[in-house]
Amino acid sequence: MAVREPAAGLPRPGRDEEAALLFERAHYRHDPRWLLPVPPRLCLACALELLPEPSVSLVRKKHVLSGFRDALMRHASLVMQLVAQDQRVCIHFISMLFGLLCNVEDGSITDLCIEVLIQLTTQLKLEQTIHCLLYECHKELCNMPSMRGSLATLTLLGKLVDAIPALADKLVMEHIAAEMLLGHFREKLCPLFLSTMDGAQTKELKINCLGLLRQLLKYDLFVSMIMNKSALVESTESVEGPPGETSLPLVLKKLLLSRDETLQVASAHCITAVLVHSPAKHAPAFIHADIPEFLFEHLSSSSEVLVWSSYNCLILLAEEPLFFSKCHTVYGIESVVRSLQGILRMNNTELHKQGLLLFTQILTRQPEEIKLFPSSALCRDAGRALQEAVNSPVLEVAAEAVKAISAFLRKDHQSALPVLYKELQALLKAMLSRCADFSQIPLNWRPLGHASSRDSEKTILRRGSFLLSTLEGFRNACRLAVEFQSEPSAQENPFTAPSAEKEDTLEAFSEFLLSACDSLCIPMVMRYSEQATHPALMEVFLSVLHSLFVIVPHMKEEFSKKLAASSFIQLTLELKARFCSGLSHSALNQVCSSFLYYMCINLLSAPEKTGPPSQEELSAVSEILQHGLPQISSRSPESLAFLSDRQYVEGATRQRQYCILLLFYLAYIHEDRFVSEAELFMAVRSFLLSLQDQGECPPLVVFRASIYLLAICQDKDGALDEAVVGAIRKLLEGIPDLHLVYTHHPLLLRLFLLYPELMSRFGHRVLELWFSWEESICEELDDVASAGQPTLPASLAALFHMLRSSPSTLLILLDLIYSSPVDTARKVLIVLRTFLRRNEDVQVGGLIRGHFLLILQHLLVEHGSSPSEASGNLPLLLSLLSLVQLRNESEQELDSMAMKLLHQVSKLCGKCSPTDTDILQPSFNFLYWSLHQTTLGSQKRAAAVLLSSTALIELLEKTLALTWAEEGSPRTELLCSAWLLTASFSAQQHDGNLQVHQTLSVELDQVLKALSFPKKKAALLSAAILRFLRTALQQSFSSALVALLPSGTQPPPAPEDTVLAPLGTSQVLSLVIGLQNLLVQKDPLLSHACVGCLEALLDYLHARSPDVALHVASQPWNRFLLFTLLDAGENSFLRAEILRLMTLFVRFRSSSILSREEVGHVLQGAALADLSTLSSTTLQALRGFFLQVQSMGLLADHSMAQTLQASLEGLSPRASTAQPPLQDMICLGGVAVSLSHIRD
């Protein structure tokens, strides 16, 4: 809209004081006639808008009032002309000033308001303004709850009487006239007046009579007189009385029955005017006259005035018990519900509040034995009306609705079957959501002295009141759920189909209450408690939480854990300390104690980090809490000081100490650390020493709490003194088993392992308990062992730190692996394995091997004949031994300890059968790694020790024979280890010419068959057999250890096969085809084994029949094989196995397989490639290929020779200085493998 030009009288910029008298953002809209033409330039319209505005500071309002007062004193006539321009504006201004007087607490502003009001009233000299001011005073005094609040109004009246003396006479004369009129009525007029009202025929007469009656009913004396006369008339009607006499209730009842709305409203007003004097005294007369029945009927009227008047009457009548005993509420409840539904569609806030107030009164005062709602349908309609009311944007209406909901949630109101739980859920959700919306409105805080600061304080109070009402309603809903638990008919809707989803049940309603409390009630209370703490509110809140333990018993433990983790132990203790000292707030103290008791019992009944308590232990805890909790009302520092008392402690005081200790324990175990760790540590230390001094043994749960808190709160760099450690040990020795006081935590483990006095006595058991609780973490470690995940769980990181600082603890872990149940031993093994892999710098191999040797010797002595029956954990120990062996550096001499272990492990293997896979697999791994991970001299010594075990050689023979057995074959992994170990033994025996005590027989035909027809998914087994066959070929089948025998009866060899014996030509060709098929699988390890075996085969053939060797090397299939292997992309030939294969073809001049031109292309590609990216194995193979090409004279032109020369010069240093593979000894699928053993 367009803004008009400023008026001529507007203050110029810079005149700050006069500018402050104007309301800048609104002044441009005001007509100039409201502006005072002389200084101070005051605008009456601005004052009318500025003074009631909440956002304007009190200082500004005081300045405006002061300016108006000055203007009245200096320019009274001009101000009067300004104010008197419009009588409505004048009345509004007086009402506004009176409202400011009543609502502002600032004494200087109150004095200004009174002064301005007196001057206005006396200067205007208008009867209407005086009547307006008197009316406002009368209304304020009637609504004022205390004399202190009415001080300003009484001061104004006193000064008004002083300023206008005639006003006092008028007030006194009105009272005297009323007394004189009362005398006339008592003597003559009362019967005549009632008869006139009763017999009036015209509406005008009736209205005049009602008007007179309304005026007379203002006086208590007249009300008492006329009601007494009416009672006398009613009492004589049943006997004999003068004709024509009637009573006031009957007259008003007759007018209520009239069809005239005006008379009905006036009659209702008169009934209200009587009842306000004394409902208890006068209500029975109207109830006996059945007036409530007709008032309920009028609630269906479309007239807001009539409905309002009926509400007022019924509210007053509801204060009389006779109103309910006469069943008027049962008759009228449907009318009330329908009326509520109707008025909520109207835009009349006051009507909404009155209707809800009546409904609340009825719901609250209705006797339990008289059922209010005859059907569940009416109950549902009532709930929906309340739901609509609580969603009202007007806070006062919503607040009345919340009170009504609270009264509505009573068992006798909800007992009409079926109980509509879903409707109740919707109602509660609406109530809680409305409260949450109100609590989230931001406060407009400003510095003190501004109106908005006081408004914010009032808003906080209103929020607290609204939240309290909401919580009371929610508590009633919880009480309803508890009461219905004993009612089988109320458990669920009996009319629900069996196949339908049962949502409308008590169980679903109970779970909703828990969820709503968790998501809405608790956040709202916590948010409000940041602004203010209301004892009554917290009492209701904690009683709600307590009742939820009963409502949802199957979730009480989880709910208690969540409360404890949300600092509710601290919150409740702080409430007790703040409000419950001495005898104050005894109800709050009882609720706090009861809530803490049940929460603690729930937490101890379903512990997270300790074993479940016995019934005897729970009974002891229950007694401690019941006696101690009501007496605790001290703050945390005082509680710590009480716990630290070292003087003689009597029984009751000791019980209270136990209680405090349990509370700290449960708080800490759920991460609610509301007291200083250092202070709590000292308090618990003193407590334990006090127990020792008095020779007391606390309950198990108290001792568990003590050592847990001591471990958690101990300074990481500090140490306990000997006295405390001695006290702990003495108490522990009196306990049957450590699990009774064990709480799972890394710091508690540290406490037991840090002090030798505790570790020597309890270390084994505490580690066993620790591992029994580490289920999930050990599983995760086992799953990610191959992934090398760098991050460890906190508990394991703490254990690893202890193992590093105290390696002797490893011996306890070894004992655990051997003696614990298999599940626990497996977890220990996983942890130890992870520790050893992640801590390569910790030298514990000798320690572990020495301890293991003792265990193994002990086992073989006691269970020599059948070691597999000795312990189910023996395979785990052997796995750990293998891992320790794997950690050893390569080329390391085997010491005497290692030789003893080899001897003992070989003896152990010799006493097993091939079916003892769990023992043999880790044992074979250990033997294999011991042979290959040492110097040549140690290898010879180790092989001699192992070959001396005839039982071991016999076991290997039996195991190898199972490779081609159809049934009873062990796992493939064991067969792999057996073939690799046999190949190693054969090579060491042959190279070192070692003594053989027992030969090992193998069927050659079966070996060749196994390679021609390999098992599925057994690449490693094929590679192991190839390594064995390669060793036999390299030894020309002349091993003193291994005897290769034919299978069954064989036909005489052909003359041409004699030279190849024990192989035949057909076997050779079959073997070549098998090798080619295995190469096509492109498994890296298997490819190396195939190429190595092919090299050994061709060498063997070339030594006996060069023609056969050349024939084998020149097979056309070899070319197809080579190109199949080269099908991997650019420079795919730069792989060790392919280069070795091509070298073989070049050596045997197989030009049909690899032509001279193709050799040139290979050399050219190698010269252009980046050789620095190749592994040392590939570089060696490439160098061998170059040398072979050069020696065979396959280079035709000079440029190719130069290229080769340059490549050799660049490659030779690399080949000689290239690093070996990062890890030669690996574990593949549980099988120990030396890559160089298979490859080279």
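Source: prediction; values computed, not measured. (Residues numbered from 1 in each chain as written. Predicted model: local features only at pLDDT ≥ 70, side-chain atom pairs only at ≥ 80, totals over all residues. Heavy atoms only, no water.)

### Remarks on the overall build of the chain
Counting its secondary structure elements, the chain contains 59 helices and 4 strands. Scored against the burial criterion, the 1240 residues of the chain give a buried share of 52%. In the chain, the share of contacts with a sequence separation of at least 24, taken over all contacts with a separation of at least 6, comes to 75%. Of the accessible surface of the chain, which amounts to about 55800 Å², a share of 54% is contributed by carbon and sulfur atoms. (Helix = DSSP H or I, 4+ residues; strand = E, 2+ residues; numbered from the N terminus. Buried < 20%, exposed > 50% of the residue type's maximum accessible area, 1.4 Å probe, protein only. Contact = heavy atoms within 4.5 Å. Areas by Shrake-Rupley, 256 points an atom, 1.4 Å probe, with all protein chains shown as cover.)

### Describing the confidence of the model for the chain
Confidence along the chain averages 84 in pLDDT terms, with 87% of residues attaining 70 or more. Considering only residues more than four positions removed or in separate chains, one finds that residues 445-452, a stretch of pLDDT under 50, has 18 contacts. (pLDDT = per-residue confidence, 0-100.)

### So, the pattern of salt bridges
If you walk through the whole model with that rule in mind, you get 30 salt bridges. Glu1158 is paired through a salt bridge with Arg1119; the nearest N and O atoms lie 2.6 Å apart. Here Glu1158 is found in helix α56 (residues 1156-1168), whereas its partner Arg1119 is found in helix α54 (residues 1116-1125), with 39 residues between them in sequence. Glu1158 sits in the buried class, given a relative accessible area of 19%. Within this structure, Glu334, Arg338, Arg380 and Asp381 form a network of salt bridges that share partners. (Salt bridge = Lys/Arg side-chain N within 4 Å of Asp/Glu carboxyl O.)

### Side note on empty space enclosed by the protein
The tally for this structure, following the rule as stated, stands at 8 cavities of 30 Å³ or more. Lining the largest cavity are Leu603, Leu604, Pro607, Glu608, Lys609, Thr610, Tyr665, Leu666, Ile669, His670 and Arg704. Among the elements of the structure, α29 (586-605) and α32 (651-669) are those that each provide at least two residues to the lining of the largest cavity. When the residues that make up the lining of the largest cavity are grouped by side-chain class, the tally is 6 nonpolar, 2 polar and 3 charged. Of the volumes computed, that of the second largest cavity is approximately 80 Å³. Counting only elements with at least two residues in the lining of the second largest cavity, the list comes to α23 (421-439), α24 (451-484) and α25 (506-529). When grouped by side-chain class, the residues that make up the lining of the second largest cavity number 6 nonpolar, 2 polar and 2 charged. (1 Å grid on protein atoms, 1.4 Å probe; cavity = no way out; pocket = protein on both sides within 12 Å on 5 of 7 lines; lining within 4 Å. Points joined across faces, edges and corners; volume = space filled by probe spheres on them. Nonpolar A, V, L, I, M, F, W, Y, C, P; charged D, E, K, R; others polar.)

### Comments concerning the packing of aromatic side chains
Tallying each qualifying case throughout the model produces 23 aromatic pairs. Following the ring pairs from residue to residue traces out a cluster consisting of Phe541, Phe549, Phe559, Phe568 and Phe595. Lying over the aromatic face of Phe438, Arg463 brings its terminal NZ or CZ to 5.8 Å of the ring centre. Positioned above the aromatic ring of Phe642 is the side chain of Arg656, whose terminal nitrogen or guanidinium carbon lies 4.4 Å from the ring centre. (Phe/Tyr/Trp six-rings, centres within 6.5 Å; stacked < 30°, edge-to-face > 60°. Lys NZ or Arg CZ within 6 Å of the ring centre and 35° of its normal.)

### Notes on the environment of Pro1062
With respect to the helices, strands and loops of the structure, Pro1062 is situated in the loop between β2 (1042-1045) and α51 (1065-1080). Pro1062 sits in the partly exposed class, given a relative accessible area of 42%. Placed 26 residues apart in sequence, Pro1062 and Ser1036 show a C-alpha to C-alpha distance of 9.3 Å. With near-sequence residues (within four places) excluded, Pro1062 lies in contact with Leu1004, Phe1037, Gln1067 and Tyr1100.

### Overview of helix α35 (residues 722-733)
Look at α35: 16 Å from first C-alpha to last across 12 residues, which is about the 16 Å you get at 1.5 Å a residue. Residues of α35 that are buried include every one of Val724, Val725, Ala727, Ile728, Leu731 and Leu732, and no others. Along the axis of α35, the buried positions cluster into a sector of 160 degrees, meaning they face one direction only. Those residues of α35 that are exposed and angled more than 90 degrees off the buried face are Glu722 and Lys730. On its buried side, α35 packs onto α33 (677-694), α34 (700-713), α36 (746-754) and α37 (756-773). (Expected span 1.5 Å × (residues − 1). Arc of directions from axis to C-beta.)

### A word on the pairing of strand β4 (residues 1231-1234)
Of the two faces of β4, the one lined by Val1231 and Val1233 and the one lined by Ala1232 and Ser1234 are each fully buried. In this structure, strand β3 (residues 1225-1228) lies alongside β4, joined through 4 bridges in antiparallel fashion. Paired with Ile1226 across the two strands is Val1233, which belongs to β4. The loop that links β3 with its antiparallel partner β4 comprises 2 residues; one of these, Gly1229, has a positive phi angle of about 60 degrees. (Pairing = 2+ DSSP bridges.)

### Some words on the nonpolar core
Residues Phe373, Leu513 and Phe924 are the most contacted members of the largest nonpolar core, which totals 362 residues. In contact with Phe373, other than residues within four places in its own chain, are Ile333, Val337, Phe359, Leu363, Leu378, Cys379, Ala382, Phe408, His413 and Ala416. Counting 56 residues, the second-largest nonpolar core is a separate cluster that includes Leu58, Val89, Phe98 and Ile109. (Core = buried A, V, L, I, M, F, W, Y, C linked by side-chain atoms within 4.5 Å.)

### Points about the state of the cysteines
The term disulfide refers to a covalent linkage connecting the sulfur atoms of a pair of cysteines. Applying the stated criterion to the full structure yields 0 disulfides. Cys478 forms no disulfide, and the closest cysteine sulfur to it belongs to Cys517, at a distance of 7.0 Å. (Disulfide = S-S within 2.5 Å.)

### Remarks on the side chain of Ser510
In this structure, Ser510 sits in helix α25. Residue class for Ser510 comes out buried when judged on its relative accessible area of 5%. If sequence neighbours within four positions are ignored, Ser510 has contacts with Ala481, Ile551 and Val552.

### Section: the packing of α32 against α33
Taken N-terminus to C-terminus, the directions of α32 and α33 make an angle of 140 degrees; their axes are 12 Å apart at the nearest point. You can see that α32 and α33 cross each other, and the crossing is left-handed. Within the contact between the two elements, α32 uses Arg654, Gln657, Tyr658, Leu661, Phe664 and Tyr668 and α33 uses Glu677, Leu680, Val684, Phe687, Ser690, Leu691 and Gln694. Of the residues that constitute the contact of α32 with α33, the class distribution is 8 nonpolar, 3 polar and 2 charged. (Axes fitted to C-alpha atoms, helices over the stretch in contact; angles between N-to-C directions. Left-handed = near helix turned anticlockwise from the far one by under 90°.)

### Points about the packing of α36 against helix α39 (residues 794-805)
Running from N to C, α36 and α39 point in directions that differ by 15 degrees, and their axes come no closer than 9 Å. Comparing their axes, α39 and α36 come out roughly parallel. Where α36 crosses over α39, the handedness of that crossing is right-handed. For the pair α36 and α39, contact is made by Pro746, Leu749, Arg750 and Leu753 and by Ser795, Ala798, Leu799 and Met802, respectively. Looking at the contact of α36 with α39 residue by residue, the classes come out as 6 nonpolar, 1 polar and 1 charged. (Parallel < 35°, antiparallel > 145°, perpendicular 65-115°, else oblique.)

### Looking at helix α44 (residues 896-910)
Here α44 is 15 residues long and its end C-alpha atoms lie 21 Å apart, about the 21 Å a rise of 1.5 Å per residue gives. Those residues of α44 that sit buried are Ala898, Met899, Leu901, Leu902, Gln904, Val905, Ser906, Leu908 and Cys909.

### Some words on the side chain of Asp1005
Looking at the element boundaries, Asp1005 is found in helix α49 (residues 1004-1012). Of the side chains bearing the opposite charge, Lys1009 lies closest to the buried Asp1005, which forms no salt bridge; the N-O distance is 9.8 Å. In this structure the side chain of Asp1005 is engaged in a polar contact, spanning 2.6 Å, whose partner is the side chain of Gln1067. (Lys, Arg positive; Asp, Glu negative; His and termini not counted. Polar contact = N/O pair within 3.5 Å; in protein donor to acceptor, adjacent residues only side chain to side chain.)

### Focus on unusual backbone geometry
Between Leu417 and Pro418 the backbone carries a cis peptide bond, its omega angle lying at -5 degrees. Secondary-structure assignment places Pro418 in the loop between α22 (395-408) and α23. Look at the link from Ala1061 to Pro1062: it is a cis peptide, with omega at 10 degrees. Phi angles above zero are rare outside glycine, and Ser567 is one such case at about 70 degrees. Here Ser567 lies in the loop between α27 (556-565) and α28 (568-579). For Ser567, a relative accessible area of 26% corresponds to the partly exposed category. The phi torsion at Phe1037 lies on the positive side, around 55 degrees, for a residue other than glycine. By the element assignment, Phe1037 lies in the loop between α50 (1019-1034) and β2.

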